[in-house]
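# Architecture at a glance
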Amino acid sequence: MKIVVIGGTGLIGSKLVERLRSSGVSAVPASPQTGVDTLTGAGLAEALQGADVVVDVANSPSFEDAAVLEFFETSTRHLLSAEAAAGVRHHVALSVVGTERLAAESGYFRAKAAQEELIERSAIPYSVVHATQFFEFIGRIAEAGTDGDTVRVAPVLIQPMAGDDVAAALAKVAVGAPTCGVVEIAGPEQFRLDELLRDHLDATDDPRDVTVDPHARYFGAQLRERTLVPGAGAELGTARYSQSR
């Protein structure tokens, strides 16, 4: 089995390639660093020759509304077209828990929803993996909510997970049969978002204060109590947040 990992040199992609290779699977990283650009289509045909499965974990370099929509729509169209020509039998995409709940207010999540729609309409069998936020991304959440020396966040639930657990779940999906649906994955623990960020800032000796604001936005979107957590039946990772500190 040959699996091509789009975004295979990034945080999750590199972990996934390593995990697949360690289990004896032929895994090929594809990214601009390896000469593959999904936004222009350059290098795609060559990279997908002989591929059985493609796993797309690439992310937009810009979160600006128009740019991120352009990235996910154009890249996904190029990728699906190249997969059809190459005879790929399974398309796996990494997306985000809560995408459907956040799309109405957030340009980023509208773009992810558009990506998923293109995948669902394609003739290629697929699996979409919805992951909760990564431990490695918690600092980015704090940056997004920063106003001067204060981080303003809503006191909602969040269930983050380790990047290694994301890669493990993706590897399992990639070597399995297409689900033609969504698989949710998450960490084993729930936190209040404000408490998690406060702990993160304390652990990194960051002097910013965390302030609870029910109206604070999360990458442009208003949050409800369970917007960021999965539903019943989600597959849970094993790594706890305390292990990442």
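Just above, that's the structure.
Residues numbered from 1 in each chain as written. Predicted model: local features only at pLDDT ≥ 70, side-chain atom pairs only at ≥ 80, totals over all residues. Heavy atoms only, no water.

## Re the nonpolar core
Short version of the rule: By nonpolar core is meant a set of buried Ala, Val, Leu, Ile, Met, Phe, Trp, Tyr and Cys residues that side-chain atoms within 4.5 Å join together. A simple rule labels every residue: compare its accessible area, found with a 1.4 Å probe on the protein chains alone, to the largest value its type can have, and call it buried under 20%, exposed over 50%, or partly exposed in between. Helix numbers and strand numbers start at the N terminus; a helix is a DSSP run of H or I with at least 4 residues, a strand a run of E with at least 2. Contact criterion: two residues are considered in contact whenever any of their non-hydrogen atoms come within 4.5 Å of each other.
If you look at the biggest cluster of nonpolar residues, it comprises 68 residues, and the most contacted ones within it are Val55, Leu94, Leu170, Leu193 and Leu197. The element that contributes the greatest number of residues to this core is helix H7 (residues 163-175), accounting for 7 residues. Not counting residues within four places of it along the chain, the set of residues in contact with Leu170 comprises Ile12, Leu16, Val55, Val57, Val92, Leu94 and Val129.

## Concerning the sheet that holds strand S5 (residues 126-131)
Cut-off, in case you're wondering: Each pair of strands is called paired provided DSSP finds at least two bridges between the two strands. Axis angles are defined between N-to-C directions and span 0 to 180 degrees, where every axis is a line fitted to C-alpha atoms and, for a helix, only to the segment in contact.
Strand order across the open sheet formed by 7 strands is S2-S1-S3-S4-S5-S9-S14, with parallel pairing between neighbours. In the strand order of this sheet, the two ends are held by strand S2 (26-30) and strand S14 (235-236), each with one partner. Sheet contacts for helix H1 (residues 11-22): strand S1 (2-6), S2, strand S3 (53-56) and strand S4 (90-96); angle to S2, the most-contacted strand, approximately 165°. Packing against the sheet, helix H5 (residues 107-121) makes contact with S3, S4 and S5, and its axis sits at approximately 160° to S4.

## What about the sheet that holds strand S7 (residues 150-153)?
The 3 strands are arranged S6-S7-S11 in an open sheet whose pairing can be described as mixed. Strands at the two margins of the open sheet, each flanked by one partner only, are strand S6 (146-147) and strand S11 (209-212). Strand direction decides the pairing type here: S7 and S11, joined by 4 bridges, are parallel. Each bridged residue has a counterpart across the sheet, and for Val151 the counterpart in S11 is Val210.

## Re the pattern of salt bridges
Counted only if it meets this: Take a side-chain nitrogen of Lys or Arg and a carboxyl oxygen of Asp or Glu: if they are within 4 Å of each other, that pair is a salt bridge.
With the rule as written, the count across this model stands at 13 salt bridges. Residue Arg152 pairs with Asp147 through a salt bridge whose shortest N-O separation is 3.8 Å. Given a relative accessible area of 35%, Arg152 falls into the partly exposed group. One salt-bridge network, held together by shared partners, links Glu143, Asp206 and Arg208.

## Here's the deal with the environment of Val210
Within the fold, Val210 resides in strand S11. When the C-alpha atoms of Val210 and Glu120 are compared, they prove to be 40 Å apart, with 90 residues separating the residues in sequence. In contact with Val210, not counting residues within four places along its chain, are Val151, Val153, Asp194, Leu197, Arg198 and Leu201.

## Focus: helix H3 (residues 65-86)
Inclusion rule: To estimate the expected span of a helix, count its residues, drop one, and scale the result by 1.5 Å. Within 3.5 Å is the distance limit for a polar contact, defined as a pair of N or O atoms, with the added protein rule that one can donate a hydrogen and the other accept it, and that residues adjacent in sequence qualify only through two side-chain atoms.
Here H3 contains 22 residues, and its C-alpha end-to-end distance of 32 Å stays within 8% of the 32 Å for a straight helix at 1.5 Å per residue. The backbone nitrogen of Ala66 has a side-chain oxygen 3.2 Å away, supplied by the residue at the start of H3, namely Glu64. Gly87 sits one or two positions beyond H3 and adopts a positive phi of about 80°.

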